[in-house]
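Structural description and commentary
Spelled out from the first residue to the last, the chains are:
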Amino acid sequence: MAHLAHYREAHPMPFVITHWINLVCMILLIITGFSIHFPFWPMFMGVARGVHVFCGAILLINCIVRVIMAFFVKSSPTGGTRAQVADFKTWLPQTDNRHQLGAWIKYYLFLKKDHPLGAKLGVPQKISYLLIPILILVMAYTGFALWAPTMDLGFFSAGTNLVGGLMSMRIIHYFMMYVFIVFMFIHIYLANIEGISPTLLMFFWKEHGGLVYDPEKHTIVGEDRMEH
Amino acid sequence: METEATVSEFQEMLSERGVTRRDFMKLCGAVAVAAGLTELAAPQVAQALESSVIGATKGNLYPVIWIEGASCTGCTESFAQADAPDPATVVLEMISLNYCETLSAAAGWSMEEAKEQTIEAGNYILVYEGGVLKNWGGQALRVANETGTDILVHAAEKANAVVALGSCAVNGGWMAAHPNPSNALGVQQYLKEAGVETPVINVPGCPANPEWLVAILVDVVLMQRLPALNGENKPSVIYDQTIHDNCQRRGHFENGEFVYEFGSPEEAMGYCLYPLGCRGPQTKSNCGIVRWNHRRSWCVESGAPCIGCCEANPMNPGQNWVEVNTPFYKRHRDLRVGDFVFQPGTVALIVTAVVAGALIVHGFGMKVSGRMDGGADFEKKRAWDAKHPDKSIGKYDDDDAKGGQE
Amino acid sequence: MTRSIIDPITRIEGHLRVEMEVTNGKVSEAWVSGGCFRGMELVVQDRTPEDAAQIVQRICGVCPVSHAHSSAIAGEHAYGIKISNNARIIRNLLEGAQFLHSHILWFYNLAALDYVNPINALKADPADAYDLALAAGTSTNSDFVALKERLAKFADNGQMSIFSGAWFEADKGQAYKLDPELDLICTAHYLEALQMQAKASEVAGLLGGKMPHVMTLVPGGTMWVPTEEKLDDLWALVNEIYNWVESTMIPDTLAIAPAYADALNWGKGVGRYIAWGVFENENMEMNDRYLPAGVLDEKLNLSDVEESMITEYMGHSWYKGDETYTSPYFVTEPEFTEYYKEGTDTVSDRYTWVKCPAYDGKPAEAGGLSRVLVAYKRNVPFIVEQVNAFTAALGIQLGQAQSTLGRTAVRQIETLYIAGLMKEWVQELMEAVKGGDSEYFRKPETITGSGTGFWEAPRGALYHHEDVENGKIKGYQIIIPSTWNLAPHDAQGNNGPMEEALIGVPVEDIEMPINALRTVHSFDPCTACAVHVTEPATGKSFKTVTSPWGVK
């Protein structure tokens, strides 16, 4: 029992919802995207296109809402505590993260035996998660540039011209999907490889006991077994 | 020919009344003479020709010069397939096609003279077919001992407008595809480099559909205006929508009814050619509406996926339809890095598979190192803190007890 | 001695210059120069054989189907595919449609203006023209009165349009020898031909999506699948074209020919002929094609085609080196040098973008005349019968067909033959469909190999060769009919076929050498086709900046 306690304060309900929306939209977008690229399940084509555009729009809106909420909703800066700060601060470099990038990499490469201390989000996580909104924006942009009703708007057609036409735009859109897939692989792997408690908390708001971390002292100060 | 039916019907009526066709013809000849047309026309032509080889410099016909650059003559050929108005009507009753390498009766110096005189008289349109070749100082194309590039600049300078006809004229077309051995580019870009400011109308397509050219000529000749152009100087009415938007097989696309193999029973049912790489969704032109060869058919109707021959960015020869669309029958083009040519999907799959594989291997590592159940034990203290006790980030309980030293 | 130059040669496909030395009113020396380099073989490199069949069509807008066909055959040989019977018939129909289109367009709309003066038709009496047409047995679909009025209105306006700078007054007004009535008939047929060539293209459009540059011809067969309504359109169009060709083209030729009988006396080329054969029979044998393959020597002795006999030499063309290469292993690198020797008006040693091919070490002529002569020698019944009737009608020997007029005339025999075959093939296709045969395309089982496509374009023998590795082309080679005909001097200094044909042609007016123009047109040259280059074996010779998005 080495992990920190998983408290709901780390992932307040609004973020549980946006995370769910992300999950559902991304999976549907990937499935329908493959189907649109090449109709493996032909009868599904009409539905696939509708769902793809709809989910794309939802994902974009969800992304914007999530970013705005980061400034108004509080969440825990680290695991193992019920203390909260404005959520956006947990995305930026925190004292808890300092000098720990090397430690994380060493740990994952099995060059370091102990689990590094850190904030709710480790350094590699922060970098990759911050890329996601940017990726979503790129996907939305390239997607609208390929969608007939919007492709001729100057904002999109200028970009199409810049990258060398609709074929190039399609390839960028397609490549980016793989970036999402790769991200999801890594994300799911890292979130679950040491146990499914983070997943239970993120999706079902189910708390789980563990070590208690003091964000003021930046260190583990005890244990909350929570009846386990 | 168009009067054939009426004449023969009329002929039947006449023969019922005992008038032979020959009698009828004689009568007609007499009427024409009375109208004063035929007898006068011949000397008038002779008179006009005394001062120039192009005849009258002014008249009812709009002067046009048609130059073939590095072309396959396909766009001229295509023009010969125009439906309405037909090519004869165009060259006899709409425009005075004073210079056209494929259709002109003249040859050699008198041909060049016809061009010179037309340029001098001014108020003409230049139709330019084929690519502009820059290699060897323009010598990749030589006509009348001049380079193709000089000829273009000279004819374009005084023109009212230049019609860049066909994808080659718009941005070099297939000639600009890798490795672009003759250094091909489009008319608009070349004229810009040469400082010629004559407006260019881009009409891509391989070849350009004759109805497109005829529509532009009608606009110019009968309506005295240039057609509305989009940002790439292509006529909006032709090039602002995709093939897919107006495709007769679009319904099958929506229904999810596809042709997966050439010449299959699905093709006989007219299903959608999308899985065979059809470029309709990303190629802008109205082929499916105007159709080809007297509107008899068009690519998709014949069972062939669109290969995107209208794709042409006037200012970027690299974005030519061959480079952008090959392999034609796959959904993606090939990408090229140096000599390495690959499909984007293949590379994306390989990268993803490598990542997935690495994660699986890593997972075994986690299992072996016993981290799967909650991870390894936490470090008691950050390594950095241990080395820099004076600047320590964490305030560790044991530090308090032991005075900050481990 | 004087120089006579025709540049540009008009009413052909592409850019061609002819320069002639005229001695005592006759051409004594000639240089034929192809004026445009585009580099097709380099562009298809690293692309698929399926792409190549599409791209190579863009060599020529007049004979795209032949290029697609030849390329597809090369691809099928590389892949080891034998196409289905339906695909064979449909491809014959597609090819035939293009031949009809090309021959009709060439005869009436390109070559005829060397013989027919539409302005002179203004003097015609339409009634007499009608009588003359009946007497000549040619068609009278057009209203001669209305046509004359139309021409009069045109002339009345005074702008010359496509007749600007015409040579109608060449040779002191003696060059055009037809009566006004025959000029009127032929002008009517010029306009009808414009419609009929479009009609033939409509067949190609129906089967190929669009023409020029058809879409459905692919290595492995065809993408086109007949349905009832497509078949009935096909049937009707093919019949309409046949009826017109049958009632018009040969009678017109026989009506015009006597006025220009002089042109039977000159214009013979090198006297050696090559035909690779066109229109597959069921057995798919080259020698058994509807127009069979064969090679004729100076004495018109027939032999079979051998690939290794084909060589290419570029010592007189704008390419590096002066070696002779044997098919299919050509290597060339383009390099332009001046046309004239510096500071003189002497033509340089290298004077054209066209390379110099040879068969058995000697230049040879390709084209309609070659095909008809080979078919005659191979005893194709229709050809034998028609050629015999034709030479009898003109009162000439077969040998005299090797002349400017002969070369111009025999193409009409071929046109009629193909127009008839089209009807047969439609019937054959209908039978096959009725019998339940529904195979149109065969997939490759292996995608590595080499293949050659021996075929014919309307202008003559066409050769495509490709080496394919894992579905990607690693080497491509094309020899075009006009490359044979427009060849420059060979290594021994012998003239190319067209150069040779020009020798001895009478030139009265060096500014308007109309007989030379007639001779050039008799070959139906296609210059854009003629100029090519292969991938230099020496590595990179073109400086291009590449990015994943292509050439910038």
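Residues numbered from 1 in each chain as written. Chains lettered and ligands numbered in written order. Predicted model: local features only at pLDDT ≥ 70, side-chain atom pairs only at ≥ 80, totals over all residues.

- Per an unreviewed UniProt entry, chain C goes by the name Hydrogenase 2 large subunit and belongs to Raoultibacter timonensis.
- Per UniProt, chain C carries the Subunit (unreviewed entry) text "Heterodimer of a large and a small subunit."
- For chain C, the Cofactor (unreviewed entry) comment in UniProt is given as "Ni(2+)". (UniProt positions renumbered as here; feature names shortened; annotations may be inferred.)

- As recorded in an unreviewed UniProt entry, chain A goes by the name Ni/Fe-hydrogenase, b-type cytochrome subunit, listed as coming from Raoultibacter timonensis.
- On record in UniProt, under Sequence similarities (unreviewed entry), the comment for chain A is "Belongs to the HupC/HyaC/HydC family."
- Listed under Subcellular location (unreviewed entry) in UniProt, the entry text for chain A is "Cell membrane".

Points about the overall build of chain A
- Helix and strand counts for chain A come out as 8 helices and 4 strands.
- Listed N to C, the secondary structure of chain A is α-α-β-β-α-α-α-α-α-α-β-β in terms of helices and strands.
- Summarising its shape, the C-alpha atoms of chain A cover approximately 60 × 35 × 35 Å along the three principal directions.
- Looking at chain A as a whole, 33% of its 228 residues qualify as buried. (Helix = DSSP H or I, 4+ residues; strand = E, 2+ residues; numbered from the N terminus. Buried ≥ 20, exposed ≤ 12 C-beta atoms within 10 Å, placed from the backbone.)

Some thoughts on the UniProt feature "domain: Cytochrome b561 bacterial/Ni-hydrogenase" (unreviewed entry) in chain A
- Under the present numbering, the feature "domain: Cytochrome b561 bacterial/Ni-hydrogenase" (unreviewed entry) in UniProt falls on residues 11–196 of chain A.
- This span, residues 11–196 of chain A, is 66% helix and 2% strand, and a straight line between its end C-alpha atoms measures 15 Å.

Things to note about the packing of helix α4 (residues 85–111) of chain C against helix α8 (residues 180–208) of chain C
Residue and element names in this part refer to chain C.
- Interaxial distance between α4 and α8 falls to 8 Å at its minimum, and their mutual angle equals 160°. As far as their axial angle goes, α8 and α4 are roughly antiparallel. Considering only the axes of α4 and α8, their crossing is left-handed. For the pair α4 and α8, the contacting residues are I90, L93, L94, A97, Q98, L100, H101, I104, L105, Y108 and N109 in the first and H189, Y190, A193, L194, M196, Q197, A200, S201, V203, A204, L207 and G208 in the second.
- Partitioning the contact of α4 with α8 into residue classes produces 16 nonpolar, 7 polar and no charged. (Axes fitted to C-alpha atoms, helices over the stretch in contact; angles between N-to-C directions. Parallel < 35°, antiparallel > 145°, perpendicular 65-115°, else oblique. Left-handed = near helix turned anticlockwise from the far one by under 90°. Contact = placed C-beta atoms within 7 Å. Nonpolar A, V, L, I, M, F, W, Y, C, P; charged D, E, K, R; others polar.)

Quick notes on the interface of chain C and chain B
- Taken together, the 105 residues of chain C in the interface contact 107 residues of chain B.
- When residues of the side of chain C that touches chain B are traced back to their parent elements, those giving at least two are β1 (2–6), α1 (40–43), α2 (49–55), α5 (126–136), α6 (144–157), α8, β5 (221–222) and β16 (550–551) of chain C.
- In terms of residue count, the dominant contributor to the side of chain C that touches chain B is α8 of chain C (12 residues).
- Residues that form the side of chain C that touches chain B fall into these classes: 53 nonpolar, 30 polar and 22 charged.

Focus on helix α7 (residues 148–157) of chain B
- Listed as buried for α7 of chain B are G148, T149, I151, L152, A155 and A156 of chain B. Seen from one end, α7 of chain B has its buried residues packed into an arc of 160°, which puts them on one side. (Arc of directions from axis to C-beta.)

Focus on the pairing of strand β3 (residues 26–34) of chain C
Residues and elements named next belong to chain C.
- Pairing analysis gives 8 bridges linking strand β2 (residues 16–23) to β3, with the strands arranged antiparallel. Residue pairing in the sheet places M20 in a bridge with A30 of β3.
- Between the end of β2 and the start of β3, which pair antiparallel, lie 2 residues, with N24 showing a positive phi angle near 50°. (Pairing = 2+ DSSP bridges.)

Quick word on the UniProt feature "transmembrane region" (unreviewed entry) in chain A
All names here are of chain A.
- With numbering aligned to this structure, UniProt lists the feature "transmembrane region" (unreviewed entry) at residues 20–38, 50–73, 129–151 and 171–192.
- Taken end to end, residues 20–38 has its terminal C-alpha atoms 27 Å apart, with 95% of it in helix and 0% in strand.
- Taken end to end, residues 50–73 comprises 83% helix and 0% strand; its first and last C-alpha atoms sit 33 Å apart.

Quick look at the sheet that holds strand β13 (residues 460–469) of chain C
All names here are of chain C.
- Spatial ordering of the open sheet is given by β12-β13-β14, a layout of 3 strands whose pairing is antiparallel. The outermost strands of the open sheet, each flanked by one partner alone, are β12 (449–457) and β14 (472–479). Neighbouring strand axes in the sheet, compared pairwise and without regard to direction, differ in orientation by 15° on average.

Looking at the pairing of strand β2 (residues 95–100) of chain B
All names here are of chain B.
- Of all the 6 residues making up β2, 6 are buried; the element is thus mostly covered by neighbouring parts of the structure.
- Two strands pair when backbone bridges link them, and strand β1 (residues 62–68) and β2 are joined in this way by 5 bridges, in the parallel orientation. Its bridge partner being in β2, I65 is matched across the sheet by Y99.

What to know about the sheet that holds strand β11 (residues 356–359) of chain C
All names here are of chain C.
- Across the sheet, which stays open at both edges, the 3 strands sit in the order β10-β9-β11 with antiparallel pairing between neighbours. Lying at the two open borders of the sheet, with one neighbouring strand each, are β10 (324–326) and β11. On average, adjacent strands in this sheet sit at an angle of 25° to one another, irrespective of strand direction.
- As judged from the 4 bridges shared by strand β9 (residues 310–313) and β11, these two strands associate in the antiparallel manner. Its bridge partner lying in β11, Y313 is registered against C356.

Notes on the nonpolar core
- Counting residues in each nonpolar core, the largest one holds 304 residues, and the members touching the most others are L126, Y128, V163 and A164 of chain B.
- At 16 residues, α8 of chain C tops the list of elements feeding residues into this core. (Core = buried A, V, L, I, M, F, W, Y, C linked by C-beta atoms within 7 Å.)

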